[in-house]
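# Structural description and commentary
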Protein chains: 2
Amino acid sequence: MRYSKQREAILRVVNASNVHPTAEMVYREVKKEIPNISLGTVYRNLNALADASQIKRISIPKDVDHFDHRHVEHYHFCCTKCHQLYDLPGSTIHQLIHRLEQEESVRITDYEVLFYGICQKCQKGKEENYGIKRK
Amino acid sequence: MRYSKQREAILRVVNASNVHPTAEMVYREVKKEIPNISLGTVYRNLNALADASQIKRISIPKDVDHFDHRHVEHYHFCCTKCHQLYDLPGSTIHQLIHRLEQEESVRITDYEVLFYGICQKCQKGKEENYGIKRK
DNA sequence: TAATTAGTAGTAATCATTACTACTTATTAT
DNA sequence: ATAATAAGTAGTAATGATTACTACTAATTA
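Rules used in this analysis
Residues numbered from 1 in each chain as written. Chains lettered and ligands numbered in written order. Predicted model: local features only at pLDDT ≥ 70, side-chain atom pairs only at ≥ 80, totals over all residues. Heavy atoms only, no water. Contact = heavy atoms within 4.5 Å. Buried area = accessible area lost by both parts, 1.4 Å probe. Salt bridge = Lys/Arg side-chain N within 4 Å of Asp/Glu carboxyl O. Polar contact = N/O pair within 3.5 Å; in protein donor to acceptor, adjacent residues only side chain to side chain. Helix = DSSP H or I, 4+ residues; strand = E, 2+ residues; numbered from the N terminus. Pairing = 2+ DSSP bridges. Near = heavy atom within 4 Å. Axes fitted to C-alpha atoms, helices over the stretch in contact; angles between N-to-C directions.

### Observations regarding the interface of chain B and chain A
On the side of chain A, 35 residues touch chain B, which itself brings 35 residues to the contact. Roughly 3,100 Å² of surface becomes buried between chain B and chain A when both sides are summed, with 60% attributable to carbon and sulfur atoms. It is Arg107, Phe115 and Tyr116 of chain B in chain B that bury the most area against chain A; as a group they hold 17% of the surface buried on that side. There are zero salt bridges connecting chain B and chain A. Where chain B packs against chain A, one counts 11 residue pairs in polar contact (both at pLDDT 80 or more). For the side of chain B that touches chain A, the secondary-structure elements that each account for two or more residues are β1 (56-58), β3 (74-79), β4 (85-89), α4 (93-104), β5 (107-118) and α5 (120-123) of chain B. Top element by residues in the side of chain B that touches chain A is β5 of chain B. It accounts for 12 residues. Relative to β5 of chain B, strand β5 (residues 107-118) of chain A runs antiparallel, the two being bridged by 11 bridges. Residue pairing for β5 of chain B: Leu114 of chain A is matched across the bridge by Glu112 of chain B.

### Looking at the protein's contact with DNA strand C
The environment of DNA strand C is formed by 20 residues, the closest being Tyr43 of chain A together with Ser4, Thr41, Arg44 and Lys62 of chain B. Each atom of DNA strand C within 4 Å of the protein was assigned to sugar, phosphate or base; sugar and phosphate come to 75%. A distance of 3.0 Å separates a base nitrogen of DNA strand C from a polar side-chain atom of Arg2 of chain A. The contact in question runs from a phosphate oxygen of DNA strand C to an N or O atom on the side chain of Asn45 of chain B, over 3.2 Å.

### Comments concerning the sheet that holds β3 of chain B
Strand order across the open sheet formed by six strands is β4(A)-β3(A)-β5(A)-β5(B)-β3(B)-β4(B), with mixed pairing between neighbours. Looking along the sheet, the strands with just one partner apiece sit at the ends: β4 (85-89) of chain A together with β4 of chain B. Strand-to-strand twist in this sheet, taken as the mean axis angle between neighbours without regard to direction, amounts to 30°. In this sheet, β4 of chain B lies alongside β3 of chain B in antiparallel orientation, the contact comprising five bridges. Its bridge partner being in β4 of chain B, Tyr75 of chain B is matched across the sheet by Leu88 of chain B. Packing of helix α4 (residues 93-104) of chain A onto the sheet brings it into contact with β3 (74-79) and β5 of chain A together with β3, β4 and β5 of chain B, and relative to β5 of chain A it is tilted by some 130°. Strands β3, β4 and β5 of chain A together with β3 and β5 of chain B of the sheet are contacted by α4 of chain B, whose axis makes an angle of about 130° with β5 of chain B.

Rendered as structure tokens:
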């Protein structure tokens, strides 16, 4: 993979973000720096970066793909009320992976743990929707 | 939700399947019984059944949605070689959920645990692709 | 048994994502 | 360095899974 300022900017934006951005969100952000960047370029590079394990693609039912700079191990939490995607800390999964590899004879190379529920803010009745539409 | 023979057949097909069928697969199967059923009807009912927690929608990056009759608690395993989706047994997650609810002040109502790796068959070099195309 | 209204078939539309094409730019071999 | 080469890009068209729409059908109810 050869260098390009577009990919560098895209990776920088994903790394700097704390909201698990969608391709569209990354596009809008990178546009500030490279105004004529193409949405296709953003998609192509997000996929390339995910394939190279530099970032992580998160697939959520009834939602567009999100991307995450997975620097520390964690799980994801999707609030079913405001549809905001949060991080949850955790590393419990490793023992589980080890056991499953032994018992099920599979080789596990990656994982995604996604919880659904009501986030703290929404429990307090202070939810906002963040303009995220559900299909 | 009122009764319809279409929804009944769709639920029956999902329940009888052990391959986490896609909407298209359910459609092809139900068509044997109700030849003029519409693909839109299958989608609508799969969504309705998922919303009613009778089945579960599984979202996988770069793949179409799959559906699962979640009768016993388990995790999912997606082989990165043959792209087949398998079940992995497990119930370890409950302690984790309880701890996260306490520590993070969220209310968790559902979860999805998806592992990636190489399945037993593919480790033995006997993989098939099952005609599943990656975009 | 008629009235109501959810459900359906069939088709058109949507929209996130990918593919394509001509052009540009990073890397390489002379 | 500089030309060759091949990966990357912008812009736009195409794709394809999913949803929306419309006129019709059938399950529930009063």
